[in-house]
Amino acid sequence: MAWRLLVNVDDYLAEAERRRASVRPADVPTEVRYPLGEIPIGDQVREWAKRRGDAVAVAFYGREITWAELDELTDRAAGWLESHGVRAGDRVGVLLPNSPQFMIAFLGILKLGAVHVPINTMFREHELRHELTDADVQVLFAVDSMLEVLGNVIEETSVRTVLVTSAYEMAGDEAPPPAPPATTSAKVPEYDTWADVLAADRAASREVDLDALAALNYTGGTTGLPKGCEHTQRHMVYAVAAWMTASNITAHPVLLCHVPVFWIAGEDMGLLSPVITGGTVVILARWDAETVMRTIDKYKVEVWIATVDNYIEIIEHPRVGDYDFRSLHTPLAMSFVARVDPEVRTRWRAASRSDGILREAAFGMTETHTMDTSTYGLQDEDWDILNEPGQCGLPVPGTEFMVVDPATGQPLPFGERGEIIERSPSILTGYWRKPEATAEAIRDGWLYTGDTGFIDEAGCLHYLVRNKDMIKVNGMSVFPAEVEAFLCRHDDVETAAVVPRPDADKGQIPVAFVKPIQGRSIDADELRAWAKTQMATYKVPEVRIVTEYPMTTTGKIKKAELAIALQQR
């Protein structure tokens with residue numbers, strides 16, 4: 001019974017749509033607008049090269065690449081991959097920071113019909129080894145600062161060809177922020193360089209199946225190591241085109257992206273949005289308030305996504321008055337630590353001297369390609385943020401939500417809290433090589449998100465909390481089960497239980513209650529130092545050594561009691 005919905009779903013959805021019609025802005029279409037049609041990503045690059053060949057496609061610290069140049073460079077990247085035996089369906093890893101090289105590699109992979117596997121450049125050995133082996137990556141684009149880490153795991157993977165580039169190899173004459181230093185490895189003695197891409201023959205155009213596997217975007221999981229979300233080019237095209245439609249963004253916008261493009265939100269904003277719209281993306285390697293302000297002014301940026309904390313830093317910056325923000329009609333916020341409220345919105349309007357209303361970007365997750373709602377047009381009298389908590393706006397055209405009882409799957413009345421489920425053209429095909437996890441998540445065409453929320457009287461989605469085990473550190477997801485698995489690899493650790501501790505600066509911090517193997521002792525500081533070699537810095541927990549845990553009668557650790565104990569200290 002839990003696998004089937006027990007009421008008439010069509011009636012539920014029709015009622016939700018009737019309610020939404022009363023608040024949907026009049027200038028938002030109810031069907032997706034595809035500027036070039038529903039065609040493969042590579043074909044879109046070629047078409048913009050024909051139509052807007054001299055227009056800037058990508059800007060990076062003073063270097064500007066036109067659509068014609070981008071088409072050529074991505075053809076050469078595809079040609080380089082082809083020369084190393086990459087064919088449609090092969091997985092290609094991209095271990096690069098925000099840079100034109102990332103975008104060129106990404107588009108070259110898609111032009112071949114191969115599979116893009118973005119990899120976090122903050123990873124350490126255990127995480128990197130897992131994703132390379134799980135995806136069976138054989139060809140890898142890598143940044144030089146990751147060579148030492150890569151060298152320590154490469155012999156345990158299928159990687160046979162590596163191309164290495166530096167973080168700012170394609171930067172122009174504007175000074176970028178410092179990059180991590182280059183490293184070397186005796187286990188990666190030979191590799192190609194970016195010059196080999198530039199010298200490669202251009203790959204010929206080929207037919208690409210929109211519904212074939214095109215990306216493995218890894219997401220954390222509550223059962224241990226990250227899972228690869230299978231996405232197609234159709235998912236990519238739909239996700240961005242639908243959100244642009246719902247947000248009434250037309251023509252060829254100028255976008256700014258400093259969030260990491262190895263995250264799916266960064267992929268959508270920094271890589272796919274310019275391709276779908278034929279616009280310009282200004283890519284920054286990382287957050288820097290002065291650089292962002294200067295960039296918005298110089299390029300007349302129209303669309304930008306950042307954390308609320310980023311906006312507050314600009315609001316309070318002593319030089320905010322020196323820059324012109326009037327072009328920024330779509331300032332989008334991600335509320336991870338600080339949240340959009342009337343005060344922040346008013347302060348942003350005053351500091352930016354712009355008509356652009358600061359608003360939440362979207363609800364989404366890696367499994368859905370993360371642009372599933374839009375709050376466009378819901379800001380009159382701050383309705384979107386003075387309404388009930390967690391307002392995420394309206395679903396984009398073609399996407400549907402329900403909130404159900406997590407035990408029965410029964411849709412709940414509007415306003416009642418339950419599990420958010422979603423049906424959309426961009427939900428993952430499945431979890432890579434994990435049929436059981438796929439069957440658990442996707443039932444009768446609906447994705448069961450594990451998130452708690454509700455649909456209000458106007459038909460808008462409200463998100464309240466992620467899966468109860470998730471921890472958010474500066475907006476980055478930390479899954480306790482993953483951290484626990486890492487800690488238990490230590491020779492002296494018997495058990496680890498990870499819970500969140502509230503933090504004024506980071507939102508939350510993971511704290512691990514660690515029980516040593518009987519007869520052994522563990523130094524908390526030494527264990528943290530070891531953990532830093534196993535996982536990204538933001539995942540490394542504070543450590544508390546314990547000899548026992550509060551337990552349920554069924555033998556489970558009472559994590560809620562651990563979390564409460566932290567708050568009482």
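Residues numbered from 1 in each chain as written. Predicted model: local features only at pLDDT ≥ 70, side-chain atom pairs only at ≥ 80, totals over all residues. Heavy atoms only, no water.

Visitor: Any details on the overall build of the protein? Residues and values, ideally.
Guide: The helix and strand inventory of the protein stands at 17 helices and 26 strands. Taken over the C-alpha trace, the protein has a radius of gyration of 24 Å; the compact-globule value for 569 residues is 25 Å, and the two agree within 12%. Overall, the C-alpha framework of the protein stretches about 70 × 65 × 55 Å when taken along its three principal axes. If you take every contact in the protein between residues at least 6 apart in sequence, the share linking residues at least 24 apart comes to 72%. In the protein, 56 side chains carry a positive charge and 84 a negative one; their mean positions are 1 Å apart. (Helix = DSSP H or I, 4+ residues; strand = E, 2+ residues; numbered from the N terminus. Rg over C-alpha atoms; globule rule 2.2 N^0.38 Å. Contact = heavy atoms within 4.5 Å. Lys, Arg positive; Asp, Glu negative; His and termini not counted. Charge placed at Lys NZ, Arg CZ, Asp CG, Glu CD.)

Visitor: Can you explain unusual backbone geometry? Please cite residues and give values.
Guide: Of note, the phi angle at His 369 is positive, near 70 degrees, even though the residue is not glycine. Considering the arrangement of structural elements, one finds His 369 in the loop between strand 14 (359-360) and strand 15 (373-374). With a phi close to 60 degrees, Thr 370 is a non-glycine residue in the positive phi region. Structurally, Thr 370 is set in the loop between strand 14 and strand 15.

Visitor: Let's hear about the pairing of strand 12 (residues 303-307): which residues, and what values?
Guide: Burial runs high along strand 12: five of the five residues are buried. By the alternation rule, side chains of strand 12 split into Val 303, Ile 305 and Thr 307 and Trp 304 and Ala 306, which are all buried. Pairing of strand 10 (residues 254-257) with strand 12, which is carried by two bridges, proceeds in the parallel orientation. Note on strand 12: the bridge partner recorded for Leu 255 is Val 303. Here five bridges tie strand 12 to strand 13 (residues 330-334), and the two strands are oriented parallel to one another. Looking at strand 13, one finds that Thr 307 is bridged to Met 334. Note on the crossover from strand 12 through helix 11 (residues 308-315) to strand 13: the handedness is right-handed. (Buried < 20%, exposed > 50% of the residue type's maximum accessible area, 1.4 Å probe, protein only. Pairing = 2+ DSSP bridges. Right-handed = clockwise from strand over helix to strand, strands pointing away.)

Visitor: Describe the pairing of strand 2 (residues 63-66), and please don't skip the residues or the numbers.
Guide: Where a strand is regular, its side chains alternate between the two sheet faces. One ladder, built from four bridges, connects strand 1 (residues 56-60) with strand 2; its direction is antiparallel. Bridge pairing in strand 2 places Val 56 opposite Thr 66. Connecting strand 1 to the antiparallel partner strand 2 that follows it, the hairpin turn spans two residues, and Tyr 61 within it adopts a positive phi of roughly 50 degrees.

Visitor: Which residues make up the packing of helix 4 (residues 100-112) against helix 9 (residues 264-277), and what values go with them?
Guide: Helix 9 packs onto helix 4 with a crossing angle of 60 degrees between their chain directions and a minimal axis gap of 11 Å. The orientation of helix 4 with respect to helix 9, classified from their angle, is oblique. Considering how the two elements wind past one another, helix 4 and helix 9 form a crossing that is right-handed. On the side of helix 4, the interface is formed by Phe 102, Met 103, Phe 106 and Leu 107, while helix 9 contributes Glu 267, Gly 270, Leu 271, Leu 272, Pro 274 and Val 275. Taken together, the residues of the contact of helix 4 with helix 9 break down into eight nonpolar, one polar and one charged. (Axes fitted to C-alpha atoms, helices over the stretch in contact; angles between N-to-C directions. Parallel < 35°, antiparallel > 145°, perpendicular 65-115°, else oblique. Left-handed = near helix turned anticlockwise from the far one by under 90°. Nonpolar A, V, L, I, M, F, W, Y, C, P; charged D, E, K, R; others polar.)

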